[in-house]
Amino acid sequence: MRFICLMMGLIVSASLLADDDWQQYKQRFVTAEGRVVDTGNNGISHSEGQGYGMLLAQAYDDQQSFTAMWLWARKTLGRHDLPLFAWKYDPQHKPAIADNNNASDGDILIAWALLNAGRKWHNSNYINASRRIRVAVLDNMVHDYAGHLVLLPGLNGFDGNGYIDINLSYWVMPALVDFAQTDNEPRWQQLADSGVKLLSLAKFGDAQLPADWIRMTNKGKLSPSPKWPSRFSFDAVRVGLYFPWAGFGDDAALTPIKQFWEAGGATPPAWIDVSSSEVAPYAASSGILAMRDVLNDQPVTRHISDSDDYYSASLLLLSRLAAQTTQR
């Protein structure tokens, strides 16, 4: 499997840099001021989207777009108490940020994009901003719980009496591995290793797949969280991208995901309920199919189409980036 290029920024092939999909992505999903718009979710924006956009802009060597997206994220989503980011911006409501809670995957994506951009463009401001975010994530979001090192999804709302709720797709594995090699801090690698271990334990239902949201008791028992639908769906599918991107693609814990996507043939269902085995009445998006290519160690040759919304297009371009990234 391919590994990310660490310590030097992401190195991509000329075919990626020459591709016009990035121009289409910007035209459809990024505003002039740098806000990445979730077109499949009523036009909101969130820290995840800013992180995805910044990561792609860096890969496509688009400094102008990167700067705009970073400035928008910092000024609009940036919290005042910690170098983390409010998770959701809704332009149809006042205030547009009704919930100041963060999303740890968005924080990690932004930090990783800044780290790569700082290396690539020799920008110490980006390097320093990334470092501050990484420290805040480690200090506030990473905890020992029931014998595991876990990543809390947000500062508030994910713990209760004798349990926590986690989301394995928040483990942005290539970023964690990169942080582990960048920082003199062993918890990054420990967190990545813990994610692999938890994935091997989070096998639910006949399909033996992880749910989007997983409840962990203080005794270490895992089950689908009752606060969300018990589905392997739009969150958990990203495990099929993040884990192989970081070099874990051959791990046996990913086998159920491979089998589920392969069993669906050319058009696997978008999701499956791990408790009832009910499947989505509609097919997986192009972005999910691109992640399947990465998981199967195949080239990603798909391009953005008019039917792709923000999320599908983001996953597709990230999959192409993962597939074309080399280790030097």
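Just above sits the structure.
Computed from a predicted model, the values in this text were never measured in an experiment. (Residues numbered from 1 in each chain as written. Predicted model: local features only at pLDDT ≥ 70, side-chain atom pairs only at ≥ 80, totals over all residues. Heavy atoms only, no water.)

### Description of helix α6 (residues 124-141)
Between its first and last C-alpha atoms α6 spans 25 Å; for 18 residues at 1.5 Å apiece the expected length is 26 Å, and the two agree. Buried within α6 we find Y126, A129, S130, I133, R134, A136, V137, L138 and M141. Looking at the packing, one finds that the buried side of α6 touches α4 (63-77), α5 (104-121), β3 (142-145), β4 (148-151), α7 (173-182) and α8 (187-201). One side-chain oxygen of the residue at the start of α6 lies 2.9 Å from the amide nitrogen of N125, identifying that residue as N123. (Helix = DSSP H or I, 4+ residues; strand = E, 2+ residues; numbered from the N terminus. Expected span 1.5 Å × (residues − 1). Buried < 20%, exposed > 50% of the residue type's maximum accessible area, 1.4 Å probe, protein only. Contact = heavy atoms within 4.5 Å. Polar contact = N/O pair within 3.5 Å; in protein donor to acceptor, adjacent residues only side chain to side chain.)

### Examining the pattern of salt bridges
Taken as a whole and assessed by the stated rule, the structure comprises 11 salt bridges. Here D81 makes a salt bridge to R79, at a shortest N to O gap of 2.8 Å. By relative accessible area, which is 51% here, D81 ends up exposed. Bridged by salt links that share partners, the residues E48, D105, D235 and R238 form one connected network. (Salt bridge = Lys/Arg side-chain N within 4 Å of Asp/Glu carboxyl O.)

### A closer look at the packing of helix α3 (residues 47-59) against α5
Where α3 meets α5, the axes come as close as 8 Å, and the angle between the chain directions of the two elements is 20°. In terms of orientation, α3 and α5 fall into the roughly parallel class. The handedness of the crossing between α3 and α5 is left-handed. Side by side, α3 and α5 meet where S47, E48, Q50, G51, Y52, M54, L55, A57, Q58 and A59 of the first sit next to D105, G106, L109, I110, W112, A113, L114, N116, A117, K120 and W121 of the second. A breakdown of the residues in the contact of α3 with α5 according to their chemical character gives 12 nonpolar, six polar and three charged. (Axes fitted to C-alpha atoms, helices over the stretch in contact; angles between N-to-C directions. Parallel < 35°, antiparallel > 145°, perpendicular 65-115°, else oblique. Left-handed = near helix turned anticlockwise from the far one by under 90°. Nonpolar A, V, L, I, M, F, W, Y, C, P; charged D, E, K, R; others polar.)

### Examining the sheet that holds strand β7 (residues 214-217)
Strand order in the open sheet formed by four strands is β5-β6-β7-β8, with antiparallel pairing between adjacent strands. In this open sheet, the two strands that pair with only one neighbour each are β5 (159-160) and β8 (222-224). Sheet topology note: the β5/strand β6 (residues 163-166) ladder contains two bridges and is antiparallel. By the bridge assignment, D159 is partnered in β6 with I164. (Pairing = 2+ DSSP bridges.)

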